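# What the coordinates show
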Amino acid sequence: CTNAEGVSQDYWYPDWTSGSGVCLNDGNQPDYMNADGQYWLFKDPYQCCQKYFGWNQDSCISISIQGLDYLPPQSSPNVVLNYSCRLCFSNCPQI
C-alpha cells in the first residue's frame with residue numbers, strides 16, 4: 001500500500017510529532033526515516049513500540065493498532081491477542 005505521495009504504508013515508524021507515544025503506518029514518516037529505514041521502519045508495530053516506547057510498550061501497541069483490523073505476524077515474539085478487546089499486548093502470559 002502507498003499513500004497519496006506514493007510512500008509505502010507497509011512500515012511502522014515512531015510518531016514524535018504529536019507526543020502520542022505510538023507507532024504509525026500511514027506512510028507519512030519523515031524523510032530522514034525513509035533514508036535510514038533499517039533503523040527507523042518496522043514491518044509490525046510491536047517491534048517499533050518495543051524499540052522506541054519500551055517503557056510504555058503495551059499502551060503503544062494497543063493505541064497504534066486501535067481501529068485497525070490488524071493481526072501480528074507469526075514472528076512477533078511474546079505477543080498475545082486479546083480477542084474480547086481486539087487488542088494485542090506483549091509480555092503477557094499465554095491464554
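Keep in mind that what you see is a predicted model, and the values were worked out from it rather than measured.

One pass over the full model with this rule turns up nine aromatic pairs. Aromatic pair tryptophan 16 and tryptophan 40: ring centres 6.2 Å apart, planes at 85°, arrangement edge-to-face. Of this pair, tryptophan 16 sits in the loop between strand E1 (13–14) and strand E2 (23–24) while tryptophan 40 sits in helix H2 (residues 37–40), placing them 24 residues apart in sequence. On the basis of relative accessibility, which here comes to 15%, the residue tryptophan 40 falls in the buried class. Joined through ring pairs, the aromatic side chains of Trp16, Tyr32, Tyr39, Trp40, Phe42, Tyr52, Phe53 and Trp55 make up one cluster.

Before going further, it helps to spend a moment on the confidence of the model for the protein. Looking at the protein as a whole, its pLDDT mean stands at 74, while 60% of the residues score no less than 70. Mean pLDDT across the secondary structure elements of the protein bottoms out at strand E4 (residues 87–90), with 49, and peaks at E1, with 96. In this model residues 1–7 is a low-confidence stretch, pLDDT under 50, and it forms 15 contacts with partners more than four residues away in sequence or in other chains. Low pLDDT, under 50, characterises residues 81–89; the predicted model gives this stretch 23 contacts beyond four residues in sequence or across chains.

Residues Trp12, Cys23, Cys48 and Tyr52 are the most contacted members of the largest nonpolar core, which totals 15 residues. Among the elements of the structure, helix H3 (45–52) and helix H4 (57–64) are those that each provide at least two residues to this core. Among the elements that make up this core, the one with the highest residue count is H3 (four residues).

Summed over the entire model, instances satisfying the criterion amount to two disulfides. A sulfur-sulfur distance of 2.0 Å marks the disulfide that ties cysteine 49 to cysteine 60. Taking the sign of the S-S torsion, -70° for the link of cysteine 49 and cysteine 60, the bridge is left-handed. Of the two residues, cysteine 49 sits in helix H3 while cysteine 60 sits in helix H4, which places them 11 residues apart along the sequence. Owing to a relative accessible area of 1%, cysteine 60 belongs among the buried residues under this scheme. Numbered in order of appearance, the disulfide-bonded cysteines of the protein are paired 1-2, 3-4.

Calculation criteria
Residues numbered from 1 in each chain as written. Predicted model: local features only at pLDDT ≥ 70, side-chain atom pairs only at ≥ 80, totals over all residues. Heavy atoms only, no water. Phe/Tyr/Trp six-rings, centres within 6.5 Å; stacked < 30°, edge-to-face > 60°. Helix = DSSP H or I, 4+ residues; strand = E, 2+ residues; numbered from the N terminus. Buried < 20%, exposed > 50% of the residue type's maximum accessible area, 1.4 Å probe, protein only. pLDDT = per-residue confidence, 0-100. Contact = heavy atoms within 4.5 Å. Core = buried A, V, L, I, M, F, W, Y, C linked by side-chain atoms within 4.5 Å. Disulfide = S-S within 2.5 Å.

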